[in-house]
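Residues per chain are reported as follows:
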Amino acid sequence: MKLLGASFIITCNDDIGILRNGGVLIDNGKILAVGDFNELKQQCRQCDFLFYKNHIILPALINSHIHFEFSKNISSFMYGRFDLWLNSVMQNRGAILKDNLKAIQKAIMEQKKSGVGTVCAISSYDLDLDCLLNSNLRVIFCHEVIGADEKDFENQVINISNRLEHSMALKTNLFQSALALHAPYSVHTKLAQYIIELASKYKLLISTHFLESKHELEWLQSKSGYFKEFYDKYLKLEDVQSFNQDEFIDLFHDVQAIFTHCLYADSSVKEEILKRGSIISCPRSNLLLNGKMGDNNIIATDGKSSNNDVDLLQEMRYVLFATLSAKETEQDESKSSTEARDIESISKHILYAVTCNPAKALGLNNGVLQEGKDADIAIFEIECEHLEQVITSFVLNAKGAISLLVNGVDIISYGNNENNTIH
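Residues numbered from 1 in each chain as written. Predicted model: local features only at pLDDT ≥ 70, side-chain atom pairs only at ≥ 80, totals over all residues. Heavy atoms only, no water.

Looking up the protein chain in an unreviewed UniProt entry gives the name Amidohydrolase, with the organism given as Helicobacter muridarum.

Draft legend 1. Region of the structure containing the domain arrangement of the protein chain. Annotation of the protein chain at the domain level lists domain 1 (2-60 + 368-414) and domain 2 (63-322). Placing a centre on the C-alpha atoms of domain 1 and another on those of domain 2 gives a separation of 33 Å. Facing the 19 residues of domain 1 at the interface are 18 residues of domain 2. Carbon and sulfur atoms make up 63% of the surface buried where domain 1 meets domain 2, a total of about 1400 Å² over both sides. Our enumeration of links across domain 1 and domain 2 arrives at two salt bridges. Residues Arg-138 and Asp-376 are paired through a salt bridge, measuring 2.8 Å at the closest nitrogen-oxygen approach. Run the count over domain 1 and domain 2 and you get six residue pairs in polar contact (both at pLDDT 80 or more). Going through the elements one at a time, strand E12 (377-381), helix H15 (390-397), strand E13 (403-406) and strand E14 (409-413) are the ones with two or more residues in the side of domain 1 that touches domain 2. (Domains from an automatic or database assignment. Contact = heavy atoms within 4.5 Å. Buried area = accessible area lost by both parts, 1.4 Å probe. Salt bridge = Lys/Arg side-chain N within 4 Å of Asp/Glu carboxyl O. Polar contact = N/O pair within 3.5 Å; in protein donor to acceptor, adjacent residues only side chain to side chain. Helix = DSSP H or I, 4+ residues; strand = E, 2+ residues; numbered from the N terminus.)

Draft legend 2. Focus on the pairing of strand E7 (residues 138-145). The element E7 is largely enclosed, with a buried count of eight among its eight residues. Neither face of E7 is left uncovered, since the one carrying Arg-138, Ile-140, Cys-142 and Glu-144 and the one carrying Val-139, Phe-141, His-143 and Val-145 both have all their residues buried. Taken together, the six bridges between strand E6 (residues 116-123) and E7 define a ladder with parallel strand orientation. Paired with Ser-123 across the bridge in E7 is His-143. In this sheet, strand E8 (residues 175-181) lies alongside E7 in parallel orientation, the contact comprising seven bridges. Note that in E8 the partner of Ile-140 across the bridge is Gln-176. You can see the chain leave E7, run along helix H5 (residues 153-168) and come back into E8, and the turn it takes is right-handed. (Buried < 20%, exposed > 50% of the residue type's maximum accessible area, 1.4 Å probe, protein only. Pairing = 2+ DSSP bridges. Right-handed = clockwise from strand over helix to strand, strands pointing away.)

Draft legend 3. Summary view of unusual backbone geometry. Its identity is not glycine, yet Asn-54 carries a phi of approximately 60°, on the positive side. Turning to its location among the elements, Asn-54 is positioned in strand E4 (residues 48-59). The exposure class of Asn-54 is partly exposed, given its relative accessible area of 31%.

Draft legend 4. Here's a closer look at the sheet that holds strand E11 (residues 277-280). Strand order in the open sheet formed by seven strands is E5-E6-E7-E8-E9-E10-E11, with parallel pairing between adjacent strands. Each edge of the sheet is formed by a strand with only one pairing partner; in this case those strands are strand E5 (61-66) and E11. Taken over all neighbouring pairs, the strand axes of this sheet differ in orientation by 20° on average, direction set aside. (Axes fitted to C-alpha atoms, helices over the stretch in contact; angles between N-to-C directions.)

Draft legend 5. Structural detail: the side chain of Asp-374. You can see Asp-374 is positioned in the loop between helix H14 (356-362) and E12. Judged by its relative accessible area of 10%, Asp-374 is buried. Setting aside chain neighbours within four positions, we find Asp-374 in contact with Gly-29, Lys-30, Ile-31, Arg-138, Asn-365, Asn-366 and Asn-407.

Draft legend 6. Layout of a negative patch on the surface. Residues Glu-229, Asp-232, Glu-238 and Asp-239 make up a contiguous surface patch of negative charge. Relative accessible area serves as the criterion here: at 46%, Asp-232 is assigned to the partly exposed category. (Patch = residues over 30% accessible without salt bridge, like charges linked within 9 Å, V, L, I, M, F, W, Y side chains within 5 Å. Areas by Shrake-Rupley, 256 points an atom, 1.4 Å probe, with all protein chains shown as cover. Lys, Arg positive; Asp, Glu negative; His and termini not counted. Charge placed at Lys NZ, Arg CZ, Asp CG, Glu CD.)

Draft legend 7. Up close: helix H6 (residues 189-202). The end-to-end C-alpha distance of H6 is 20 Å, a good match for the 20 Å that 14 residues give at a rise of 1.5 Å each. Inspection of H6 places Leu-191, Ala-192, Ile-195, Ile-196, Leu-198 and Ala-199 among the buried residues, and these make up the whole buried set. Buried residues of H6 fall within an arc of 155° about the axis and therefore sit on the same side. Check the buried side of H6 and you find it contacts E7, H5, E8 and strand E9 (206-210). (Expected span 1.5 Å × (residues − 1). Arc of directions from axis to C-beta.)

Draft legend 8. Examining the packing of helix H7 (residues 214-222) against helix H8 (residues 226-235) more closely. Close contact between H7 and H8 brings their axes to 8 Å; oriented N to C, the two are set at 90°. Considered as vectors, H7 and H8 are oriented roughly perpendicular to each other. Together, His-215, Glu-216, Glu-218 and Trp-219 of H7 and Tyr-226, Phe-227, Lys-228 and Tyr-231 of H8 make up the contact between the two elements. For the contact of H7 with H8, a count of residues per class yields four nonpolar, one polar and three charged. (Parallel < 35°, antiparallel > 145°, perpendicular 65-115°, else oblique. Nonpolar A, V, L, I, M, F, W, Y, C, P; charged D, E, K, R; others polar.)

Draft legend 9. Quick look at the pairing of strand E10 (residues 257-261). Most of E10 is tucked away, with five of its five residues classed as buried. Examined bridge by bridge, E9 and E10 share five bridges and lie parallel to one another. When the sheet's bridge partners are listed, His-209 is paired in E10 with Thr-260. By the bridge criterion, four bridges tie E10 to E11 in an arrangement that is parallel. Residue Ile-258 lies in a different strand from E11, and its bridge partner there is Ser-278. For the segment spanning E10, helix H10 (residues 267-276) and E11, crossover handedness is right-handed.

Here you go:
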């Protein structure tokens, strides 16, 4: 049993809120209590304790959509338009996927330094499987399925069945298998239905990219445009059996699902999606490929195929500045106090988008500091004088976690403790 305390505790639990000089009591990978540090210390005199002065303790962050396999990319792909990007991926992905082990390991370390304790990894070829198994992170490993040619159905079934059987045998309290339908334009109807049935049978989370581009919307609505040429050029297919927009959404009625991007989903389509699952936004990726930021109730980095890094702290900062830029500027000085509260509200929304919101979407027992939750905890060194803007101070200034616990176990520890009280 150990007690961790800090100048500020951000619980991401509205019932508790933010605690000054707070503490988190943990044992056997679970949070036993959250409250005043000195009171908890008096109650548990025999436990080890550590108080971090000028630090913030909060739930370990969750990167709910990331492609590690493309971590070697720097400038091999084109940006500005989705079709240009996808063409460049088709032409250059082989070189990016080759000898990518060190790049994957670097991206995993980038998660830890960012205070990320959980990743939902979308894996096309399972090249990142061993690295993630050895990462000590909490991992949801989504075997991504791509296959537009129905004539290859039997081989497609054998491939995904073998991949899934292998990873399910590796299940631990930190590692679980999941599935991913790449997108409605890249998986034929027979294969998509099979994958949904697999997810339902084994009660697995299933992820999908959906309505990421206007080209995808055009294909789903009229089976015309960019993708018609794409199939002929890259896949030598004249006829692709794919769902329309409503049929694809209806596939997910009996599974736990997450839909990523959804940039070209109107309000009625989003309403239907949210009946079946959650929407994940990858803001910088969305802007690079489509010039749209998307909804940001859950925020992830995507992979380096469509981002300049996979640093979730940077993603959060970008969303903060972009959100403030989009708001109308109030000139009335009498509104200044309201504006100050508003930026803290925006920051809180962003923090919840990488903690409690994705935890709920992924079906995890973390993302919140409260009794009974898994002890996934990040600690950052940040000076903050104002309780009213603790979260804003974190979003603006957090550069890297000095300690990261997953299931109550330290998986990284940086910095020194000379200013901290240790027992």
